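Residue-level structural notes
The primary structure of each chain is shown beneath.
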Amino acid sequence: MVLKDFAQLEQAARSSPRRKMAVAAAQDPHTLAAVRDAAAEGLVDYLLVGDPGAIRDAARTVGFDPAADRILAAPDEDAAARRAVALVREGKAQLLMKGKLPTATLLRQVVNKETGIGTGRLMSHLALFQIPGQPKLIAVTDGGMVPAPGLAEKKAILENAVACLQGLGIREPRVAVLCPVEMVDPKLPSTLDAGALAEMNQSGALPGCVVAGPISMDLAMSQESAAQKGFQSPVTGEADLLLVPDLCCGNILGKAFIYTAGAIMAGCILGARVPIVLCSRGATAQEKRYSIALAALAGAPPTTERKETR
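Residues numbered from 1 in each chain as written. Predicted model: local features only at pLDDT ≥ 70, side-chain atom pairs only at ≥ 80, totals over all residues. Heavy atoms only, no water.

As a further point, take the overall build of the protein chain. Secondary structure summary: the protein chain contains 11 helices and 11 strands in total. Here the C-alpha radius of gyration of the protein chain, 19 Å, is about what a compact globule of 310 residues would show, namely 19 Å. Seen through its principal axes, the protein chain has C-alpha atoms that stretch 60 × 40 × 30 Å. Among the 310 residues that make up the protein chain, the fraction classed as buried is 52%. Long-range contacts, defined as pairs at least 24 residues apart, comprise 71% of the intrachain contacts of the protein chain with a sequence gap of at least 6. Entry remark: accessible area of the protein chain is about 13,600 Å², with carbon and sulfur atoms responsible for 52%. Within the protein chain, one finds 33 positive and 31 negative side-chain charges whose respective centroids are separated by 4 Å. (Helix = DSSP H or I, 4+ residues; strand = E, 2+ residues; numbered from the N terminus. Rg over C-alpha atoms; globule rule 2.2 N^0.38 Å. Buried < 20%, exposed > 50% of the residue type's maximum accessible area, 1.4 Å probe, protein only. Contact = heavy atoms within 4.5 Å. Areas by Shrake-Rupley, 256 points an atom, 1.4 Å probe, with all protein chains shown as cover. Lys, Arg positive; Asp, Glu negative; His and termini not counted. Charge placed at Lys NZ, Arg CZ, Asp CG, Glu CD.)

Rendered as structure tokens:
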């Protein structure tokens, strides 16, 4: 299956079983506008956790009138994060979303060993981009969670992302492990990791996808460029997922897509018990709505606990 744009993503979410989403510290107008639209479109149901008065005031500014039984009181940010995570842990919600609170406050409750919703796996960020001129949505990971992943972390990041894309209907995602060059070079550690990941894929240790690496950005995106360089791979010009060397590269690549190519983005955190919609403070209501649709479709991560690869 190929998802051409976010309209198709939302259509797929509408056609799937509807999940309930707990929103921590929901008193944010952009967040509430996204929740309003997502609920009206049949993408998700919702529970709004936080200061009831502040939630109602913020909701009025965007023309949203949530039912009283959808608003759950919490006196402060910590309490809102704790209660939203508890709703997931208790099975009362199947998605989690950040509202008006620091990311660290929410994630501290997510990873709490006694009351959180961790799985023992590495958590990672996946961004999905609708880029003008491109025939399908392109995923990038990890530009938001793991600063400098080693080989073991990259394998876990890739496993999270592949499970997510399979949830979107992409049965066998084509993965480009991005590097500056196409050959393994001991002077470039990212190429060593890329080569190792490709070998894992070929040996069956990294199933469910087709991995090419090391591979440069031009080859991942352009069959013409690959032909000119004599590089053959099922991934060239057909990549569904770009695995970047580190957070800096992922952050820069994503912002380049948005600010120079006019891309639209959705994103979520993977690897916890449920997908987490965790957008930046500057995210628009539209970006948050698309992120909700992405999370609603995201496949579950592997159930086995992460093992280190040395």
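Bridge count for strand β1 (residues 19-24) against strand β2 (residues 44-50) is six bridges, and the pairing is parallel. Each bridged residue has a counterpart across the sheet, and for R19 the counterpart in β2 is V44. Summarising the sheet, β1 and strand β4 (residues 95-98) pair through four bridges and their orientation is parallel. When the bridges of β4 are listed, A24 appears paired with K98. (Pairing = 2+ DSSP bridges.)

With that settled, consider the side chain of S190. Within the secondary structure, S190 sits in helix α7 (residues 189-203). For S190, the contacting residues outside a window of four places in its chain are K154, C179, P180 and P245.

This next bit is on the nonpolar core. One finds L9 and L48 to be the most contacted residues of the largest nonpolar core, which totals 65 residues. Discounting residues that sit within four places of it in the chain, L9 has contacts with L3, L128, L137, L168, Y290, A293, L294 and L297. Listed in part, the 27 residues of the second largest apolar core include A74, A81, L106 and M123. (Core = buried A, V, L, I, M, F, W, Y, C linked by side-chain atoms within 4.5 Å.)

We now examine the pairing of β2. Burial analysis of β2 places six of its seven residues in the buried class, the great majority of the element. As for the winding sense of the linkage, the β-α-β connection from β1 through helix α2 (residues 29-40) to β2 is right-handed. Note that β2 and strand β3 (residues 71-73) share three bridges and pair parallel. What sits directly across from G50, in β3, is A73. Traced from β2 through helix α3 (residues 52-61) to β3, the parallel crossover comes out right-handed. (Right-handed = clockwise from strand over helix to strand, strands pointing away.)

Scanning all chains against the criterion turns up one cavity of 30 Å³ or more. Considering only enclosed or pocket space, the largest cavity measures out at about 30 Å³ in volume. Looking at the lining of the largest cavity residue by residue, the class counts come to five nonpolar, one polar and one charged. (1 Å grid on protein atoms, 1.4 Å probe; cavity = no way out; pocket = protein on both sides within 12 Å on 5 of 7 lines; lining within 4 Å. Points joined across faces, edges and corners; volume = space filled by probe spheres on them. Nonpolar A, V, L, I, M, F, W, Y, C, P; charged D, E, K, R; others polar.)

Tallied over the entire structure, the rule returns three aromatic pairs. Residues F6 and Y290 carry aromatic rings whose centres are separated by 4.5 Å and whose planes lie at 15° to one another, so their mutual orientation is stacked. Taken together, the residues span a long stretch of sequence, with F6 in helix α1 (residues 6-15) and Y290 in helix α11 (residues 285-297) at a distance of 284 residues. Overall, F6 belongs to the buried group, its relative accessible area being 0%. When the ring of F129 is compared with that of F257, the centres are 5.2 Å apart and the planes differ by 70°; the resulting orientation is edge-to-face. Here F129 is found in strand β5 (residues 124-130), whereas its partner F257 is found in helix α10 (residues 247-261), with 128 residues between them in sequence. Each of the two residues, F129 as well as F257, counts as buried. R70 extends its terminal NZ or CZ atom over the ring of Y46, reaching a point 4.8 Å from the ring centre. (Phe/Tyr/Trp six-rings, centres within 6.5 Å; stacked < 30°, edge-to-face > 60°. Lys NZ or Arg CZ within 6 Å of the ring centre and 35° of its normal.)

For the rest of this paragraph, the subject is α2. Under the 1.5 Å per step criterion, the end-to-end length of α2 is 16 Å for 12 residues, consistent within 8% with the ideal 16 Å. For α2, the secondary structure elements touched by its buried residues are β1, β2, α3, β4 and α11. G42 lies just past α2 and shows a positive phi near 80°. (Expected span 1.5 Å × (residues − 1).)

To continue, consider the layout of surface pockets. Roughly 740 Å³ of volume is contained in the largest pocket. In terms of lining residues, the largest pocket is bounded by 32 residues, among which H125, K255, M265, S280 and E287 are the most central. Every element with two or more residues in the lining of the largest pocket is listed here: α5 (103-110), β5, α10, β10 (264-270) and α11. Its residues assigned to classes, the lining of the largest pocket shows 15 nonpolar, 13 polar and four charged.

Remember, this is a structural readout, not a statement about activity or role.
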